[in-house]
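The chain contents come next:
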Amino acid sequence: MDIVVKEELKAYIDPLTPDEHDALERSILAEGCRDALVLWGEVLVDGHNRYGICQKHGLPFQTIQNTRFQSMDDVHLWMIEQHLGRRSVSDFQRGVLALRKRDILAERHRADQAQLQKESDGEISGPADADDEDSPPWTAAPKVSRADMAREARLSSSQVTMIERIHKQAAPELVEAVKTGVISISAAAAVADLPEDEQRAAAAAGKDELKQAAKRVRESKRKPRKPAQEVLHSADGDAEIDPSRAAEIADALNALGEGPAELRQRIIALTLENDTLRQQLAALRKQVQDSEMADA
């Protein structure tokens, strides 16, 4: 059988690094090609590196057919699932693969919904047209939530969000910097908000400039925090507060350190509410004491 290598499938998964390829080649030369190549008909699906090494050195190899594939999307999904489980795949690569899987399933879901709508409108008769060439050759596609996608890729939802931003907005040079570990995912997501020419310039300047660019973006988005006194008065509204007590609360907040404005306002409001309750309790106690004295 003549094996067909499709460049689209060969490039679908990030290639091995030179060191990883050399290690694989040494292993095959020493022990042979132990894992069978996966085919879909004549098309090579899995084992491109092993196939190339065996061809280069004239070594034998085994093949196996995957008969479950019915479309190229099936092939892509299988490749994604295989690589998501491999420890050698980086966080960024797993995120990109998870996004690809989401897009494939989303398109299938749209096709499912369109077909159901046609059946509802009477344009097609449903099960009777199951052999129609235009019918999707797959089972109903589930909708994939961001949390499900993150869990399968062993990432947090925030990491998936950052990887999606990089995937959509980053210049190729910035993407390469993430893949090679020059810059972290979080820093790259920040730099991806810059115009493309600024991304390219930062990537060309190297690791330190990329970090500085990420820092500048983050600082530009950071909202200035209100001083404790200002937060205090925005929280108390028109209520009359003893100035000495207001200063006491503000000093206490400053001693604790600056936190989110919403939390600071909540602390102030609860403190003032507590003061009011204490005053009411003291007044009630005085009333009880006065009543007891009058009865005596």
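Structural data are supplied above this passage.
Everything numeric in this text was worked out from a predicted model, so none of it was measured. (Residues numbered from 1 in each chain as written. Predicted model: local features only at pLDDT ≥ 70, side-chain atom pairs only at ≥ 80, totals over all residues. Heavy atoms only, no water.)

Undergrad: Go over the pattern of salt bridges with me, naming the residues and quoting the values.
TA: Counting across every chain of the model gives 20 salt bridges. Its salt-bridge partner being D74, residue R108 comes within 2.4 Å of it at the nearest N-O pair. Highlighted residues: R108 in helix α5 (residues 91-121) and D74 in helix α4 (residues 72-84), separated in sequence by 34 residues. Both residues of the pair, R108 and D74, belong to the buried class. With its nearest N and O atoms 3.2 Å apart, the salt bridge here joins R102 to D103. With relative accessibility at 40%, the residue D103 sits in the partly exposed group. If you follow the salt bridges from partner to partner, you end up with R102, D103, E164 and K168 in one network. (Salt bridge = Lys/Arg side-chain N within 4 Å of Asp/Glu carboxyl O. Helix = DSSP H or I, 4+ residues; strand = E, 2+ residues; numbered from the N terminus. Buried < 20%, exposed > 50% of the residue type's maximum accessible area, 1.4 Å probe, protein only.)

Undergrad: Can you lay out helix α3 (residues 48-57) for me, pointing to particular residues and giving the numbers?
TA: All of the buried residues along α3 are H48, R50, Y51, I53 and C54. The secondary structure elements touched by the buried residues of α3 are α1 (7-10), α2 (18-31), β1 (37-40) and β2 (43-46). (Contact = heavy atoms within 4.5 Å.)

Undergrad: Go over the packing of aromatic side chains with me, naming the residues and quoting the values.
TA: Evaluation of the coordinates by the stated rule reveals 3 aromatic pairs. Summarising the aromatic geometry, the rings of W40 and F69 are spaced 6.3 Å apart at their centres and angled 85° between planes, so their arrangement reads as edge-to-face. Here W40 is found in strand β1, whereas its partner F69 is found in the loop between β3 (63-65) and α4, with 29 residues between them in sequence. Centre to centre, the rings of Y51 and F61 are 5.6 Å apart; their planes meet at 80°, and the pair counts as edge-to-face. Of this pair, Y51 sits in helix α3 while F61 sits in the loop between α3 and β3; the two residues are 10 residues apart in sequence, bridging distant segments of the chain. A relative accessible area of 14% places Y51 in the buried class. Relative accessible area serves as the criterion here: at 25%, F61 is assigned to the partly exposed category. Above the face of the Y12 ring, R100 is positioned so that its terminal group lies 4.6 Å from the ring centre. (Phe/Tyr/Trp six-rings, centres within 6.5 Å; stacked < 30°, edge-to-face > 60°. Lys NZ or Arg CZ within 6 Å of the ring centre and 35° of its normal.)

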